[in-house]
Amino acid sequence: MASLSTSDKQLLSLIIPCHDESDNIAPFMAACEAALPAGYGYELIFVDDGSSDDTADKIAALRPAAADVQVRLIELSRNFGKEMAVTAGLAAAQGRAAIIIDADLQHPPQLLSKFVALWEQGAEVVVGVRADDKRYASFAKRQGSRLFYRLINSLSPVEIKPNATDYRLIDRVVIDAYNGFSEHNRMSRGLIDWLGFKRSYLTFSPAPRLNGEASYSLRKLTGLALNSIVGMSLVPLKFAGYLGATITLLFGSLGAFIAVDTYAFNDPLRLNVANSVDLAVLILFLIGIVLMALGLVGLYIAAIHTEVSGRPLYVARPSRQ
């Protein structure tokens, strides 16, 4: 796209969720301003997610060097979590596109021009994919990440690219569609992938965190993973039914075989099945029936879950006429 004059530049939004990032705000702002592609106006939407330090004060004191860059601050009343911070930022974004980026400089601002270039080429979603670099994650974290993506991609009808990050650009049409979601337990990147649209991928190596420690603990990561699996797939809800059908078939067949062998043919195979074994097989068979009933209930709960989630039946681009 050709560069526009200051008065008619297209607006792009940067969504920056922050939690206890006081020491990173000024360096991030300097690096970000130096990396912003020319030809656009920018709104930098900092979302303070209930920080316990003076992060919000540092943001409020920012004074952009360029006239076509404005800083906006959204202060959440408490720590709602990164997903809600991103949601609040996207709800407030006014730009033609939005770029979600962390304030700790692990998402290199130098890549902003590449995100915008891919968007200009027609991509409606540009996803930053973290290189599988052993320097920036422990062995346990890397293996846990691999397990999570394998699990969710095997259960969910929507494929989520392994090592995809929140560092991504999304077009205005995707922002508007995302703002239509109403569910509370959400993984933003999963919902954006659910929406579809034309996408490109940009692989990058994350930089070391500049200051402080990451506030996304193992407990929060585990909770996000569980919420993502539950939110993106109904298979776990139906698992009891699958398990019950398997147990019922297996022990029903075994029970029928024992009954025929013992009582119809007087145990020609000399299995000598005790009464306690008959009882155990009967109990397991009944457990299977109960689990199948739970699976049936699960199907109805799944239908309720789908309706209550409030997702649109489909998503279409705005008319070109």
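Up top is the structure these notes are about.
Residues numbered from 1 in each chain as written. Predicted model: local features only at pLDDT ≥ 70, side-chain atom pairs only at ≥ 80, totals over all residues. Heavy atoms only, no water.

So, unusual backbone geometry
With a phi angle near 55°, aspartate 20 is a residue other than glycine that sits in the positive phi range. The topology assignment puts aspartate 20 in the loop between β1 (10-18) and α1 (25-35). Of the residues examined, aspartate 20 reaches a relative accessible area of 28% and is grouped as partly exposed. Although it is not a glycine, leucine 105 sits at a positive phi angle of roughly 70°. In this fold, leucine 105 is placed in the loop between β4 (97-100) and α4 (112-120). (Helix = DSSP H or I, 4+ residues; strand = E, 2+ residues; numbered from the N terminus. Buried < 20%, exposed > 50% of the residue type's maximum accessible area, 1.4 Å probe, protein only.)

With respect to the sheet that holds strand β7 (residues 199-204)
Read across the open sheet, the seven strands follow the order β3-β2-β1-β4-β6-β5-β7; overall the sheet is mixed. Only two strands of the sheet have a single neighbouring strand rather than two, namely β3 (69-75) and β7. Strand-to-strand twist of the sheet, defined as the mean angle between neighbouring strand axes without regard to direction, takes the value 20°. With four bridges connecting them, β4 and strand β6 (residues 164-171) associate as antiparallel partners. The residue of β6 that forms the bridge with isoleucine 99 is leucine 169. Of the strands in this sheet, β1, β2 (40-48) and β3 touch α1, which is tilted by about 160° from β2. (Pairing = 2+ DSSP bridges. Axes fitted to C-alpha atoms, helices over the stretch in contact; angles between N-to-C directions. Contact = heavy atoms within 4.5 Å.)

Some details on α4
Inspection of α4 places Leu112, Phe115, Val116, Leu118 and Trp119 among the buried residues, and these make up the whole buried set. For α4, the arc enclosing every buried residue in end-on projection is 160°, short of the 170-degree limit, so these residues lie on one face. Glycine 122 occupies a position one or two residues after α4 and carries a positive phi of about 120°. (Arc of directions from axis to C-beta.)

So, the environment of isoleucine 16
Considering the arrangement of structural elements, one finds isoleucine 16 in strand β1. For isoleucine 16, a relative accessible area of 0% translates into the label buried. Separated by 87 residues in sequence, isoleucine 16 and alanine 103 have C-alpha atoms that sit 6.1 Å apart. If near-sequence neighbours (up to four positions away) are discounted, isoleucine 16 is found in contact with Phe28, Leu44, Ile45, Phe46, Val47, Ile101, Asp102 and Ala103.

Points about the packing of aromatic side chains
Throughout the structure, instances matching the rule amount to seven aromatic pairs. Each ring, one from tyrosine 40 and one from tryptophan 119, has its centre 6.1 Å from the other, and the planes form 50°; the classification is tilted. Of this pair, tyrosine 40 sits in strand β2 while tryptophan 119 sits in helix α4, and the two are 79 residues apart along the sequence. Ring geometry for phenylalanine 115 versus tyrosine 167: centroids 4.6 Å apart, planes at 45°, classification tilted. Taken as a pair, phenylalanine 115 in helix α4 and tyrosine 167 in strand β6 lie far apart in primary sequence, 52 residues in all. Tyrosine 167 shares its class with phenylalanine 115; the two are buried. Pairwise contacts between aromatic rings join Tyr40, Tyr42 and Trp119 into one cluster. Here the guanidinium or amino end of arginine 78 rests over the ring plane of phenylalanine 80, the centre of that ring lying 3.8 Å away. (Phe/Tyr/Trp six-rings, centres within 6.5 Å; stacked < 30°, edge-to-face > 60°. Lys NZ or Arg CZ within 6 Å of the ring centre and 35° of its normal.)

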